[in-house]
Amino acid sequence: GKRGLAFVRGEGHRLYDADGREFLDFTAGIAVNCLGHSDAGWVEAVSKQAGALVHTSNLYLNPEQVALGRKLVEKSFADKAFFCNSGTEANEAAIKFSRKFHHDAGKPRERFISFENAFHGRTMGALTLTWKENYKTPFQPLMPSADFLPFNDVDALQAIDDTVCAVFVEPMQGEGGVIPADTAFLQALRKRCDEVGALL
């Protein structure tokens, strides 16, 4: 769409246009700049790495990437880390990994569940799991095997059965209006996925 505001620099959570007008950044680059703009530690780390090595692809080991992967595994529920460039790529990978998981188990599944008002990205698979029709219409047909359930509705989770490959949920919906998932809803979702063997 038409955009009339252009920013030229940022400091912390403030943005500045070419005329020097100051704005409070409530979007943080749509949840990308959680440290704010021009964070000294971030600038130093990126500058140091850019001066040594930028990118080698996943064909080769990168010691910093290995160290970060180990740290992520130690501090989370995961036993592996997968690096990619964006949230939508992470969701595309999750779609593929979940299909592969069930395929390798000898019981292929293709159905996915997402929730009303969800946003999971603009690539073809992730777009299928995104709620807004106006985002999807120009790119039809999309992946046909996705269904949407009401968000924060524990009773609706019974629609998740043993045909479901994976369930995609945002603990905090952004596109939906900054709506947090209820703890009871997330706990019931975890329980239901475990009952039917769906990945979450």
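Residues numbered from 1 in each chain as written. Predicted model: local features only at pLDDT ≥ 70, side-chain atom pairs only at ≥ 80, totals over all residues. Heavy atoms only, no water.

1. Some remarks on the overall build of the protein
A tally of regular secondary structure across the protein gives seven helices and eight strands. When its C-alpha atoms are laid out on the principal axes, the protein stretches across 55 × 40 × 35 Å. Considering the protein as a whole, with its 200 residues, one finds that 28% of them fall into the buried category. For the protein, the accessible area works out to roughly 13700 Å², and carbon and sulfur atoms hold 57% of it. The distance from the centre of the 22 positive side-chain charges to the centre of the 26 negative ones in the protein is 4 Å. (Helix = DSSP H or I, 4+ residues; strand = E, 2+ residues; numbered from the N terminus. Buried < 20%, exposed > 50% of the residue type's maximum accessible area, 1.4 Å probe, protein only. Areas by Shrake-Rupley, 256 points an atom, 1.4 Å probe, with all protein chains shown as cover. Lys, Arg positive; Asp, Glu negative; His and termini not counted. Charge placed at Lys NZ, Arg CZ, Asp CG, Glu CD.)

2. With respect to the side chain of Glu170
With respect to the helices and strands, Glu170 occurs in the loop between strand S6 (164-167) and strand S7 (172-173). Buried within the structure, Glu170 lacks any salt-bridge partner; its nearest side chain of opposite charge belongs to Lys132, at an N-O separation of 11 Å. Within the structure, Glu170 has its side chain in polar contact with the backbone nitrogen of Phe119 (distance 3.3 Å). Ignoring any residue separated from it by four or fewer positions in sequence, one finds Glu170 in contact with Asn117, Ala118, Phe119, His120, Phe151 and Ala181. (Salt bridge = Lys/Arg side-chain N within 4 Å of Asp/Glu carboxyl O. Polar contact = N/O pair within 3.5 Å; in protein donor to acceptor, adjacent residues only side chain to side chain. Contact = heavy atoms within 4.5 Å.)

3. Quick look at the sheet that holds strand S1 (residues 7-11)
If you trace the three strands from one edge of the open sheet to the other, you get S1-S2-S3, paired in antiparallel fashion. Looking at the sheet topology across the chains shown, the edges are occupied by S1 and strand S3 (22-24). For this sheet, the mean inter-axis angle between neighbouring strands, taken without regard to orientation, is 30°. Taken together, the three bridges between strand S2 (residues 14-17) and S3 define a ladder with antiparallel strand orientation. Looking at the pairing, Tyr16 lines up with Glu22 of S3. (Pairing = 2+ DSSP bridges. Axes fitted to C-alpha atoms, helices over the stretch in contact; angles between N-to-C directions.)

4. A look at unusual backbone geometry
Of note, the bond from Gln140 into Pro141 is cis; its omega dihedral lies within 30 degrees of zero at 0°. For Pro141, the position within the fold is in the loop between helix H6 (133-136) and strand S5 (146-149). The phi torsion at Ser57 lies on the positive side, around 75°, for a residue other than glycine. On the secondary structure map, Ser57 appears in the loop between helix H2 (40-50) and helix H3 (63-75).

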